[in-house]
Amino acid sequence: MIKKTNIIIGVLALQGAVEPHIKMLKQLGVDATAVRSPEEIDQIDGLIIPGGESTTVGKLMARYGIDKKIIIRAKEGMPIMGTCTGMILLAKEIVESAQLRLGLIDCAILRNAFGRQVDSFEADLSIDQIGEPAYRAVFIRAPYALKTGDNVNVLARHNGRAVLIRQGNLLGCAFHPELTDDTRVHEYFLQLVKDWVKEGSAC
Amino acid sequence: MGKKGDKMSEVEKSTWKTKVGLAEMLKGGVIMDVTNAEQAKIAEDAGAVAVMALERVPADIRKEGGVARMASLRVIKEIMEVVSIPVMAKARIGHFAEAQVLESIGVDFVDESEVLTPADEFYHIDKHAFKVPFVCGCRDLGDALRRIGEGAAMIRTKGEAGSGNIVEAVRHMRSVVSEMNRLKTMRHEELMTYAKNLGAPYDLVVEVAKTGKLPVPNFSAGGIATPADASLMMQLGAEAVFVGSGIFKSQDPAKRAKAIVDATTYYNKPEVIAELSMDLGEAMPGLDIRQMEEKDKFSTRG
């Protein structure tokens, strides 16, 4: 039991803000590694799909067989957190777009939902799961979940819009926790990973 | 401010974090020069992370001469309508009125670019005064830190745009990276003199000495024409690449664009680059920089 190996979190490194996630995870004392292939995705205990351009990342996923592998691991119960682009790619539906998605979270996502870059903003969010004080979130050409299924919990809203959602082992985050100094969203995700790993080693 | 229990959280738009944040999101990607909506669509379909709208690609500006200005606003608007990825546009160096106009129509990034004919031979734009983020070119660390000091949220090498020749981009990237490495090994008392010699803001020099990297993303531009060129720049320390004439001046733009996108992701996998480089058709024609006259170089502007 005690010699259970360290948890390894993969950050999908096809394109986007990979490094800030890795830096934050390391700061939390966790092994974090950039992953770019299906084989590498087999070696990890949790996955972060970072912010980037969802059309670019979706295409690269499909070209290199990464989408299929992520779906398999998600169905095994491996926790996955998608931030911004990652949230879009996890969704079942992307409003007015035929672009590739993983179709894992039962929700409809609206892209660039708060406007173009000049409308990008920071705002305080109240998130019960991470407690006080308010969480200062950075939104960049951000999406939100327009509709969510009954099995999806909305953990945070901004002006009524769902910006942090959870469906079992999957977390969708419209903002960028990796661009702040506040580690609480990552800690919340890490807890999901730890619980999952513990469950696995118990059987 | 933003007291606990306030009904509305305090919202701040266009902060430094959101500006540099967008640049972060473009890392590992390819930004492609386009001159119309049709090309923008091809770029997006190939997997570009953003498009750069301009009137003529650098190779044509070089060939046709004359004054190169900000692109037609109608064309930029059309491009913004057909693609969902960020749309960048170029303004002339120092031409803050062009930048204001670009910001007002909602472009996502302004490139204060030496590829256009400079509007001011002494001063660059005060980029902190804008809501829209800016990218600027550099030849060395001094250039880079001066532009960041003025408010650039992203830096790119100048390279020699429209030449199809990677040599200048390599020179500029090596210069920036080696100067940063030197800074890291310096004692604190050496930094002021070094800052003076670089002509760079002291506090930014201190920051680079501490972190060993630029405080904003560091991309490469100017002369990238093949998947291997993209791989080279990424291996030399670029965090993403801009491709100008290299795509739409080649024989098969869609195929080449896609290959350069993939090569930027798998830049350290030669076997993938090899596969991608097969059957791409002709690359754009190239120019020997050593045969060029000083007055024909874009990289010495600004």
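Residues numbered from 1 in each chain as written. Chains lettered and ligands numbered in written order. Predicted model: local features only at pLDDT ≥ 70, side-chain atom pairs only at ≥ 80, totals over all residues. Heavy atoms only, no water.

1. Overview of the overall build of chain A
Note the following rule: Secondary structure counts use DSSP, requiring at least four H or I residues in a row for a helix and at least two E residues in a row for a strand, with both numbered from the N terminus. Here a residue-residue contact requires only that any non-hydrogen atoms of the pair lie within 4.5 Å. All accessible areas in this document rest on Shrake-Rupley with a 1.4 Å probe, and a residue is counted as covered only by the protein chains that are shown. Counting rule applied: Lys, Arg positive; Asp, Glu negative; His and chain ends not counted. In plain terms, the charge of a residue is placed at NZ if it is Lys, CZ if Arg, CG if Asp and CD if Glu.
Counting secondary structure elements, chain A contains 6 helices and 12 strands. Projected onto the principal axes, the alpha-carbon positions of chain A cover approximately 50 × 40 × 35 Å. Within chain A, counting contacts between residues at least 6 apart in sequence, those at least 24 apart form 66% of the total. As displayed, chain A offers around 8,100 Å² of accessible surface, 48% of which is attributable to carbon and sulfur atoms. Treating the 24 positive side-chain charges of chain A as one cloud and the 24 negative ones as another, the clouds have centres 4 Å apart.

2. Notes on the state of the cysteines
Residues and elements named next belong to chain A. For clarity, the cut-off: The rule for a disulfide is simple: a pair of cysteine sulfur atoms within 2.5 Å. When accessible area is computed with a 1.4 Å probe and restricted to protein chains, residues below 20% of their type maximum are described as buried, those above 50% as exposed, and intermediate ones as partly exposed.
Inspection of every chain in the model, using the stated rule, returns 0 disulfides over all chains. With no disulfide partner, C84 has as its closest neighbouring cysteine sulfur the one in C173, 8.8 Å distant. For C173, a relative accessible area of 0% gives the class buried.

3. Quick notes on the pattern of salt bridges
Counted only if it meets this: Salt bridge, as used here, is a side-chain nitrogen of Lys or Arg placed within 4 Å of a carboxyl oxygen of Asp or Glu.
One pass over the full model with this rule turns up 35 salt bridges over all chains. For B:D262, the salt bridge identified is with A:R63, shortest N-O distance 2.3 Å. Of this pair, B:D262 sits in helix α12 (residues 253-265) while A:R63 is found in helix α3 (residues 54-63), placing the two residues in two different chains. For B:D262, a relative accessible area of 2% gives the class buried. A residue is classified by how much of its surface remains accessible, and A:R63, at 26% relative accessible area, is partly exposed. When salt bridges with common partners are traced through the structure, they connect A:E19, B:E24, B:K27, B:K213 and B:E239 into a single cluster.

4. Here's the deal with the pairing of strand β6 (residues 134-138) of chain B
Residue and element names in this part refer to chain B. To keep it simple, the criterion reads: The pairing criterion is simple: DSSP has to find at least two bridges between the two strands.
With respect to burial, β6 is a largely interior element, 5 of its 5 residues being buried. Of the two faces of β6, both are covered, the one formed by F134, C136 and C138 as well as the one formed by V135 and G137. Here strand β5 (residues 109-113) runs beside β6; their pairing, made up of 3 bridges, is parallel. Bridge pairing in β6 places V110 opposite F134.

5. Quick notes on the environment of B:G65
All names here are of chain B. Assignment of secondary structure puts G65 in the loop between α3 (58-64) and α4 (73-82). Along the primary structure G65 and D296 are separated by 231 residues, whereas in three dimensions their C-alpha atoms are 9.5 Å apart. Residues in contact with G65, not counting those within four places in the same chain, are R56 and D60.

6. Some words on the interface of chain B and chain A
Applied cut-off: Reported buried area values correspond to the accessible surface (1.4 Å probe) lost by two parts on association, with both partners' losses combined. Contacts described as polar in this section are N or O atom pairs within 3.5 Å, which, within protein, must combine one atom able to donate a hydrogen with one able to accept it, while residues neighboring in sequence count only if both atoms come from side chains.
At the junction of the two partners, chain B supplies 48 residues and chain A supplies 41 residues. Across the chain B/chain A interface, buried area totals approximately 3,500 Å², and carbon plus sulfur atoms make up 50% of it. Of all residues in chain B, B:K17, B:M25 and B:Y266 bury the most surface against chain A, accounting for 19% of the area lost on that side. Along the contact surface separating chain B from chain A lie 7 salt bridges. A:R116 is the salt-bridge partner of B:D108, the closest N and O atoms lying 2.6 Å from each other. Our count for the contact surface shared by chain B and chain A stands at 29 residue pairs in polar contact (both at pLDDT 80 or more).

7. With respect to helix α7 (residues 167-184) of chain B
What counts is decided by this rule: Helices are assigned an expected span. That span is 1.5 Å times one less than the residue count.
The end-to-end C-alpha distance of α7(B), which contains 18 residues, comes to 26 Å, matching closely the 26 Å that a straight helix rising 1.5 Å per residue would cover. Among all positions in α7(B), only B:E168, B:A169, B:V170, B:H172, B:M173, B:V176, B:E179, B:M180 and B:L183 are buried.

8. Some points on the confidence of the model for chain B
Residue and element names in this part refer to chain B. Under the convention used in this document: Per residue, pLDDT captures the predictor's confidence, and it can take any value from 0 to 100.
For chain B, the average pLDDT comes to 94, and 97% of its residues sit at 70 or higher. In the model, residues 1-7 has pLDDT below 50 throughout and makes 4 contacts with residues more than four positions away in sequence or in other chains. As scored by the predictor, the complex reaches a pTM of 0.95 and an ipTM of 0.95.

9. Remarks on the nonpolar core
The cut-off we apply is this: The nonpolar core is taken to be a set of buried Ala, Val, Leu, Ile, Met, Phe, Trp, Tyr and Cys residues, with the residues joined through side-chain atoms within 4.5 Å.
Of all hydrophobic cores here, the largest spans 123 residues; its most connected members are A:L12 and A:F175. With 8 residues, the single largest contributor to this core is helix α6 (residues 184-202) of chain A. By size, the runner-up hydrophobic cluster in this structure holds 45 residues, among which are B:V20, B:A153, B:L204 and B:A221.

10. What about unusual backbone geometry?
Residue A:P133 follows A:E132 across a cis peptide bond; omega there is -5 degrees. A positive phi angle is found at B:S14, which is not glycine, with a value near 50 degrees. Its place among the elements puts B:S14 in the loop between β1 (12-13) and α1 (16-25). The class of B:S14 is buried, set by a relative accessible area of 13%. Unusually for a residue other than glycine, B:D279 sits at a positive phi of about 50 degrees. When you line up the elements, B:D279 lands in the segment after α13 (270-277).

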